[in-house]
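Read off the chains here:
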Amino acid sequence: MTVTINVNGKAICGDIAPDLLLIDFLRDHGCLSVKRGCDTSNCGACTVHMDGKPVLSCGILAARADGHQITTLEGLQKEALEFGGFIADEGAEQCGYCSPGLIMECIAMVRECREKGIDNPSDEDIKAYLAGNLCRCSGYEGQMRGIHAFFEWRRSHRDASIL
Amino acid sequence: MFTARDYCRAGSMEEAWTLYQKKNNIVVGGMQWLKMSDASYGTLIDLSGLGLDRIEEDQYEFHIGAMTTLRQLETDAGFNAYTDGAARKALSGIVGVQFRNLATVGGSVAGRYGFSDVCTLLLCLNTYVHLFHAETSSEIPLAEFLAHPCSRDIVTGITVKKVKTKVFYESVRNTRTDFPILTCAASLRYNETPSKILLSIGARPQKAVLFAAPAEDAAKDPAAFAARVAEEIPTGSNVRGSAQYRSHLVQVLAERAARNLFQKD
Amino acid sequence: MRTGDEAKGLTGNLKVVNHSWRKKDADQLITGKPVYTQDIAPKDCLVVKVLESPYANAIIEDIDTSVAEKVPGVAAVFTWKDVDQNARRYTKAGATFPESSPYDRLLLDRHMRYIGDGAAIVAGEDEKCVDKAMRLIKIKWNVLEPVLDMHKAIDNKILVHPEDNWESIVPVGADNKRNLCAHSDESDGDVEAVLKSCDIVIDETYHTQACHQGYMEPFCTWCTKDPYGRLVIVSSTQIVFHVRRNVANALHIPKSMIRVVKPRIGGGFGAKQTSVMEMYPAFVTWKTGRNAKMVFTRRQCLTQGTPRHEMEMHVRLGAMKDGTIRGIYLYTLSNAGAYGEHGPTTVGLSGHKTIPLYRPEAFRFVTDVVYTNINAAGAYRGFGATQGMFAVESAVNELCHKLHRDPMDLRLQNIAHEGDIMPGYYNEPNTSSNLDRCIQKVREMSGWDAKYPGQKFTTPDGRHMARTVGMAIAMQGSSISAVDVGGATLRLEEGGFYMLILGCADMGTGCDTILAQIAAEALDCPLDKIQVSGADTDTSPYDSGSYASSTTYLTGRAVRDAALELRKKIIREGARLLGCPEEDADFDGEYVRYVPLKVQEPSENKAAADPEEKKVSLNEIAERTVTNITGILEATNTQSSPTSPPPYMAGVAELLTDLDTGECRVENYYGAIDCGTTINPNLARVQAEGGILQGIGMALYEGVHRTEKGALIENSFMQYKMPARPDIGQIHISFDPSYEHLGPYGAKSIGELVIDTPCPAVAEAVYNACGVRMRTLPITREDIAMAGIKGEEGSVAAQENPSLR
């Protein structure tokens, strides 16, 4: 079957199998930031945005994404550098395999916070939003430091932030 | 992961229903649980083009479309206000935000999953399931739906009919995003005389079941009430917990429900 | 060498080392660049899969692949018929030759020894045709009864490895006709006599599970042939050189025909210290000439990867009423599973890293490692020490309760100190330890004195809660004494920068950056002048790989010494260009200057006044190396350490428990660590935080169950529950370093140590909450809730909440 999926602002037409997962469609089309970590929707490494919302690309058919907007980290490079830099400053990206999925989820969280006017989310609220992103290297603590540091920086540099 | 020969984004419920009458075809909800199977299907029937992804509230009821995501329900202000925040409590432990942005209310209900937080919560509310059959649709109480075996009707949505109520929810889990070891939802129905407490216990590990009692019983002696619930609701064992532990949890959570519901605000 | 390199570390006058730098690969990782094995695989790879045995113990009577081979797209199907069943066996363990792990595998065997064992290799153009072909392979099985209980393995009539070509190449007490993968018995003094004369003996048995490492990147390998017909293996591995040997042994081809390359790795934690899958795509490429790729699903990672060894430990800990620990007896029974990877070695650490924490008059340490018909265990951070620490430190905590002693005080009374000879640690001297100060520190930072053992309270809505603490101490090693090899090459390049060529593996830990920091420190240059390359068996200097807490300590030493040697070469060349004696030249990182010994002080002014004549820049020297005036300036250093200096740690778990439901969470974990100098404090901290949470996972969440037939139930992340973000409160780390003279700039190891304290510390906090000593991991909600019903004297729950009894 033929689908047209808008990936990072560019319409991609593809002839696909009906049971092809979005993650495989994206990786076949060069979005290699999208990682497979578990096959059972538990790890969050494959997180992408569909119509602006974070979803598991291993948990959705490419066919269902037909006509929708998909964003991967390839389409958010500047945002990744800005936000991810705070994680990297803690050394908490570690092996980096979960980083793209985590950063996609974080960007969604930051945007949601912005819409709700929250500029200093609590530890437990952040943890709840990111509960679906497993990381085995960091124990999460350094990533949490980085996320808080980002929000702190953003409170005083609202205009400088592209997020 | 399953395989499939064909995919169809249905243009109408009739089309979806007709396709679904073929044994090898399957309706895709959020696909999160379906994905875990290794089955081979004919056509995957996608309902995502039918506008079933909305929560509509009026003064009598909530209508929740089958394709409404768990995340929508979790964050719906009206539904949370009605359930005293139980919706958020029931849904926020399910894997993660990305998962709940895909998994659907219709999928959770149609799947009749034993571990379902969603079914546990909805069961203690005044919930009706909308089924599409041929060209007609019908509406049956959730308890009745859960008791029935799977049929070839398609769940198009649910209605939660408003009553004067107070709602409680708690689950016990291994990690906080694991399947629950036990789920407990309770509602106090002021609309009936005498007022009634409805307790729904799920992940026993079997499907959620209801326990109803006059509110007065639970209010007077929550511990004795809880002991009775634990005695009457059967539990089983799996890797997440033994029947003995689950029955203990039934008692603990039932008592908490009773105490919570009768606490003066 | 006039730059007192050692003095630099001691005085803390360090410019690059002991500073937190971003990891060199950070920007590529956070922007999701394609840097992992699978991302860089050629598009035309054959998909390789292994058909898994559905039986725990079975012989393939007959296997018919004729129909499977005809499936369109299938390129090859291999079975035991393609492998000489009488050939020498091999091990998948990544370990220095000669390996302690037995040679007990064939690439494809007739005998299936666990559910998931490889019955056939199928390669095809895509996944669908391979899956279809696998379904069409017909096997006639002779199903045998398996041995699944490790307690019944020794001298069972069922043998996991009855074959005659089974081989143990190192004397580790192995005997395949007894299901024994290893056996040892060592002692110092007469422990029975000592225990008899003790006032009190804690005599208990502890049990830990076969936990999964949980690296986020599943195993992946792809293979190709290079223009010379050699086999190139690109793999997510911690051990490129061992993979070369293991694949050569598995395929029976010369090592010279194999090259192994490691790209970025998405976590390892020891899992990738075993060459779990490399031989399968390697065999396909070797036989077919085609590029071939294998990727494990998470299920396969769990069922075919090599988890931590399940261990059962019997401890007899003898002490006097005044708290003096006098004797330790430890018997460890370890479950190797169907194959012996790392079996003989892991078990040793259960005693060697626990007994020497203390100064017993006598000890005895006995081990049995047994074969059973479950998936083979292997290496996982801590490597046996984690299991042993749970047992011995739990026993010490039990002793404290029996004697009504504060666990911190009792440890301060008994721990080994710097300068001690450690009989339980191969009689190695304790060359550096700050453990006593770590205990003091963790006591302060956790608020121990106010919190121990804990308190119970009832919430306004009637919940019975307990907030309790528990502690433990731990040690690990820094490389395997006289066995591990660390290697590094440093080369001055055109443009005046350095290439640092490594054979160890950065698996996310940041060792590429850490080792570059060491080089930069020794060469007095900014970090970005050091470029890192590795690991590649064709070009890297030999290094046994990144495991056994060896990289920072051992490869770090190799890097420092290579840098100091290269420094000498630069000075020699500079002096030659300046026309001055070598002794009168010095190098400040940018220039080699003429600094006559006698007038050293004013020389800098002179040089500044007249730079042209008195100095030559590194850039200039570098340029001459490529015009062949100078020749390449390069230094390679290889290190092995006669001792394995232990890093130390004290940890405190603060647990909040719902006594009614048994739900609990570590709200705070405090760790005070002596890992010597922290080369990169940020990265050391993250190592600590990550290791601690893995330990907490093992303590509270990560259960392992098997069906009656021996199949793993927790075979996905849906069932195997590692802690997610909401499952942990906060982790607090303090570094209280000693200075290890053998390590680079005073460094010891950190990677493994940090996983060791949570299990006993959490178990102690649980005891203080519910009054029952949990001696089997993981401690479940059910254990806690049901314990609350039974109750036990002495617990907070029992004391303050009599209704729970």
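Every value quoted in this text rests on a predicted model; they were computed, and no experiment measured them. (Residues numbered from 1 in each chain as written. Chains lettered and ligands numbered in written order. Predicted model: local features only at pLDDT ≥ 70, side-chain atom pairs only at ≥ 80, totals over all residues. Heavy atoms only, no water.)

### Let's talk about the domain arrangement of chain A
Residues and elements named next belong to chain A.
Then, number 1: When its domains are assigned, chain A resolves into domain 1 (2-74) and domain 2 (76-156).
Then, number 2: Taking only C-alpha atoms into account, the centre of domain 1 sits 22 Å from that of domain 2.
Then, number 3: Counting residues at the interface gives 16 residues for domain 1, matched by 16 residues for domain 2.
Then, number 4: When domain 1 packs against domain 2, the two sides together hide about 1300 Å² of surface, and 61% of this comes from carbon and sulfur.
Then, number 5: On the domain 1 side of the contact with domain 2, Thr47, His49 and Leu73 bury the most area, a combined 42% of that side's loss.
Then, number 6: Across the domain 1-domain 2 interface, the total number found is 0 salt bridges.
Then, number 7: Our count for the contact surface shared by domain 1 and domain 2 stands at 7 residue pairs in polar contact (both at pLDDT 80 or more).
Then, number 8: In the side of domain 1 that touches domain 2, the residues fall into 5 nonpolar, 8 polar and 3 charged. (Domains from an automatic or database assignment. Contact = heavy atoms within 4.5 Å. Buried area = accessible area lost by both parts, 1.4 Å probe. Salt bridge = Lys/Arg side-chain N within 4 Å of Asp/Glu carboxyl O. Polar contact = N/O pair within 3.5 Å; in protein donor to acceptor, adjacent residues only side chain to side chain. Nonpolar A, V, L, I, M, F, W, Y, C, P; charged D, E, K, R; others polar.)

### With respect to the packing of helix 10 (residues 385-403) of chain C against helix 11 (residues 407-414) of chain C
Residue and element names in this part refer to chain C.
Then, number 1: Their axes nearest at 9 Å, the elements helix 10 and helix 11 cross at an angle of 110 degrees. The orientation of helix 10 with respect to helix 11, classified from their angle, is roughly perpendicular. Considering the relative orientation of helix 10 and helix 11, their crossing is right-handed. Counting all contacts with helix 10, which are made through Glu393, Val396, Asn397, Leu399, Cys400 and Leu403, the residues of helix 11 involved are Pro407, Leu410 and Arg411.
Then, number 2: Residue composition of the contact of helix 10 with helix 11, by class: 6 nonpolar, 1 polar and 2 charged. (Axes fitted to C-alpha atoms, helices over the stretch in contact; angles between N-to-C directions. Helix = DSSP H or I, 4+ residues; strand = E, 2+ residues; numbered from the N terminus. Parallel < 35°, antiparallel > 145°, perpendicular 65-115°, else oblique. Left-handed = near helix turned anticlockwise from the far one by under 90°.)

### Looking at the interface of chain A and chain C
Then, number 1: If you look at the interface, chain A gives 53 residues, while chain C gives 57 residues.
Then, number 2: A salt bridge links glutamate 689 of chain C to arginine 145 of chain A; its shortest N-O distance comes to 2.7 Å.
Then, number 3: Inspection of the chain A/chain C interface yields 29 residue pairs in polar contact (both at pLDDT 80 or more).
Then, number 4: Of all the elements in the fold, those that place two or more residues in the side of chain A that touches chain C are helix 1 (22-28), helix 2 (77-88), helix 3 (99-116), helix 4 (123-129) and helix 5 (141-156) of chain A.

### Points about the pattern of salt bridges
Then, number 1: Taken as a whole and judged by the stated rule, the model has 76 salt bridges over all chains.
Then, number 2: We note a salt bridge from aspartate 39 of chain A to arginine 36 of chain A, for which the minimum N-O separation is 3.5 Å.
Then, number 3: For glutamate 204 of chain C, the salt bridge identified is with arginine 775 of chain C, shortest N-O distance 3.5 Å. Of the two residues, glutamate 204 of chain C sits in strand 8 (residues 200-208) while arginine 775 of chain C sits in the loop between helix 20 (758-770) and helix 21 (781-790), which places them 571 residues apart along the sequence.
Then, number 4: Accessibility expressed as a relative area gives 25% for glutamate 204 of chain C, which makes it partly exposed.
Then, number 5: Arginine 775 of chain C sits in the partly exposed class, given a relative accessible area of 24%.
Then, number 6: Through salt bridges that share partners, Glu170 and Arg256 of chain B together with Asp461, Arg463, Asp658 and Asp660 of chain C make up one connected network. (Buried < 20%, exposed > 50% of the residue type's maximum accessible area, 1.4 Å probe, protein only.)

### Let's talk about the packing of aromatic side chains
Residues and elements named next belong to chain B.
Then, number 1: Scanning the entire structure with this criterion turns up 25 aromatic pairs over all chains.
Then, number 2: Aromatic side chains phenylalanine 115 and phenylalanine 179 sit 4.6 Å apart centroid to centroid with 55 degrees between the ring planes, which places their arrangement in the tilted category. Of this pair, phenylalanine 115 sits in the loop between helix 6 (105-111) and helix 7 (117-123) while phenylalanine 179 sits in the loop between strand 9 (165-173) and strand 10 (180-189); the two residues are 64 residues apart in sequence, bridging distant segments of the chain.
Then, number 3: Its relative accessible area of 24% is what places phenylalanine 115 among the partly exposed residues. (Phe/Tyr/Trp six-rings, centres within 6.5 Å; stacked < 30°, edge-to-face > 60°.)

### Considering the sheet that holds strand 3 (residues 47-50) of chain A
All names here are of chain A.
Then, number 1: Across the sheet, which stays open at both edges, the 5 strands sit in the order 2-1-5-3-4 with mixed pairing between neighbours. The open sheet has two edge strands, strand 2 (10-15) and strand 4 (53-56), and neither has a second partner. In this sheet, adjacent strand axes meet at a mean angle of 40 degrees when their direction is disregarded.
Then, number 2: Of the strand pairs in this sheet, strand 1 (residues 2-7) and strand 5 (residues 69-71) are connected by 2 bridges, and their pairing is parallel. Considered in strand 5, the bridge of valine 7 is made with isoleucine 70.
Then, number 3: Of the strands in this sheet, strand 3, strand 4 and strand 5 touch helix 3, which is tilted by about 40 degrees from strand 3. (Pairing = 2+ DSSP bridges.)

### As for the nonpolar core
Then, number 1: Counting residues in each nonpolar core, the largest one holds 174 residues, and the members touching the most others are Ile121, Leu251, Ile673 and Leu700 of chain C.
Then, number 2: A per-element tally of this core places helix 10 of chain C first, with 10 residues.
Then, number 3: Once residues lying within four places of it in the same chain are set aside, the contact partners of leucine 251 of chain C are Leu107, Leu231, Met279, Ala282, Phe283 and Trp286 of chain C.
Then, number 4: Counting 76 residues, the second-largest nonpolar core is a separate cluster that includes Ile70 of chain A together with Ile64, Phe145 and Val167 of chain B. (Core = buried A, V, L, I, M, F, W, Y, C linked by side-chain atoms within 4.5 Å.)

### Regarding the pairing of strand 15 (residues 362-371) of chain C
Residues and elements named next belong to chain C.
Then, number 1: Extensive coverage of strand 15 is indicated by the burial of 9 of its 10 residues.
Then, number 2: Relative to strand 15, strand 14 (residues 325-337) runs parallel, the two being bridged by 10 bridges. For threonine 332, the partnering residue across the bridge sits in strand 15 and is threonine 367.
Then, number 3: Since strand 14 and strand 15 lie parallel, the crossover through helix 9 (residues 343-352) that links them has a hand, and here it is right-handed. (Right-handed = clockwise from strand over helix to strand, strands pointing away.)

### Digging into helix 3 of chain A
Residue and element names in this part refer to chain A.
Then, number 1: The end-to-end C-alpha distance of helix 3, which contains 18 residues, comes to 25 Å, matching closely the 26 Å that a straight helix rising 1.5 Å per residue would cover.
Then, number 2: For helix 3, the buried fraction is high: 13 of the 18 residues fall into the buried class.
Then, number 3: At the C-terminal side of helix 3, glycine 117 shows a positive phi close to 75 degrees. (Expected span 1.5 Å × (residues − 1).)

### Let's talk about empty space enclosed by the protein
Then, number 1: Counted under the stated rule, the structure contains 7 cavities of 30 Å³ or more.
Then, number 2: Each pocket or cavity is described by its volume, and for the largest cavity that value is around 170 Å³.
Then, number 3: Along the walls of the largest cavity sit 21 residues, with Trp33, Ile94, Val95, Phe115 and Phe179 of chain B positioned nearest its centre.
Then, number 4: Residue-level mapping places the lining of the largest cavity at the junction of two domains, with at least three residues from each of domain 2 (55-161) and domain 3 (165-262) of chain B.
Then, number 5: In this structure, the second largest cavity encloses a volume near 150 Å³.
Then, number 6: In terms of lining, the second largest cavity is formed by 19 residues, of which the most central are Lys92, Arg105, Asp117, Gly118 and Tyr280 of chain C.
Then, number 7: Broken down by class, the residue content of the lining of the second largest cavity amounts to 11 nonpolar, 3 polar and 5 charged. (1 Å grid on protein atoms, 1.4 Å probe; cavity = no way out; pocket = protein on both sides within 12 Å on 5 of 7 lines; lining within 4 Å. Points joined across faces, edges and corners; volume = space filled by probe spheres on them.)

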